[in-house]
Amino acid sequence: RSEDEVSSSSKPSQYPLLGFKDRHLEDDYLEYLVVASRARIILGYVTVILLYGLGPFLLYWPYYKESIWLQDLYRTWSDEQKED
């Protein structure tokens, strides 16, 4: 085997923890990664926005029935009981 065949078939060279030595290859890879992951990125943003918007309501959801029960109980009290 010649040296050209070995270098073309091996993995691209990388620095440990710093990325590819070839910056153009790294740019192409990151661009491909964004395009390939676009649906997951959008799903993540939508999920975060829904959790942020609905979070306060979801926090009190388990106590909803108890609050309705207390309101009904309060309505059945007489005016003197309400003042106490």
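Before reading further, recall that the structure is shown in the block above.
Residues numbered from 1 in each chain as written. Predicted model: local features only at pLDDT ≥ 70, side-chain atom pairs only at ≥ 80, totals over all residues. Heavy atoms only, no water.

Draft legend 1. View of the overall build of the chain. Across its full length, the chain carries five helices and two strands. Start at the N end of the chain and walk to the C end: the helices and strands fall as α-β-β-α-α-α-α. In the chain, buried positions account for 5% of the 84 residues. For the chain, the accessible area works out to roughly 8500 Å², and carbon and sulfur atoms hold 62% of it. (Helix = DSSP H or I, 4+ residues; strand = E, 2+ residues; numbered from the N terminus. Buried < 20%, exposed > 50% of the residue type's maximum accessible area, 1.4 Å probe, protein only. Areas by Shrake-Rupley, 256 points an atom, 1.4 Å probe, with all protein chains shown as cover.)

Draft legend 2. Summary view of the packing of helix H2 (residues 23-36) against helix H3 (residues 38-60). One can describe the packing of H2 onto H3 by two numbers: an axis separation of 4 Å at closest approach and a directional angle of 60°. Between H2 and H3, the angle is such that the two are oblique. Contacts between H2 and H3 involve Val34, Val35 and Ala36 from the first element and Arg38, Arg40 and Ile41 from the second. Split by residue class, the contact of H2 with H3 holds four nonpolar, no polar and two charged. (Axes fitted to C-alpha atoms, helices over the stretch in contact; angles between N-to-C directions. Parallel < 35°, antiparallel > 145°, perpendicular 65-115°, else oblique. Contact = heavy atoms within 4.5 Å. Nonpolar A, V, L, I, M, F, W, Y, C, P; charged D, E, K, R; others polar.)

Draft legend 3. Focus on the pattern of salt bridges. Applying the stated criterion to the full structure yields two salt bridges. Note that glutamate 26 is salt-bridged to arginine 23, the shortest N-O span being 2.3 Å. Residue glutamate 26 and its partner arginine 23 are located together in helix H2, separated by three residues, close to a single helical turn. With a relative accessible area of 16%, glutamate 26 lands in the buried category. (Salt bridge = Lys/Arg side-chain N within 4 Å of Asp/Glu carboxyl O.)

Draft legend 4. Inspection of the side chain of glutamate 26 at higher detail. A polar atom in the side chain of glutamate 26 sits 2.3 Å from the side chain of arginine 23. Leave out the neighbours within four places in its chain, and glutamate 26 touches Leu18, Gly19 and Phe20. (Polar contact = N/O pair within 3.5 Å; in protein donor to acceptor, adjacent residues only side chain to side chain.)

Draft legend 5. Spatial organisation of a nonpolar patch on the surface. On the surface, Ile42, Val46, Leu50, Leu51, Leu54, Phe57 and Leu58 cluster together into a nonpolar patch covering about 710 Å² of accessible area. For leucine 51, the position within the fold is in helix H3. (Patch = residues over 30% accessible without salt bridge, like charges linked within 9 Å, V, L, I, M, F, W, Y side chains within 5 Å.)

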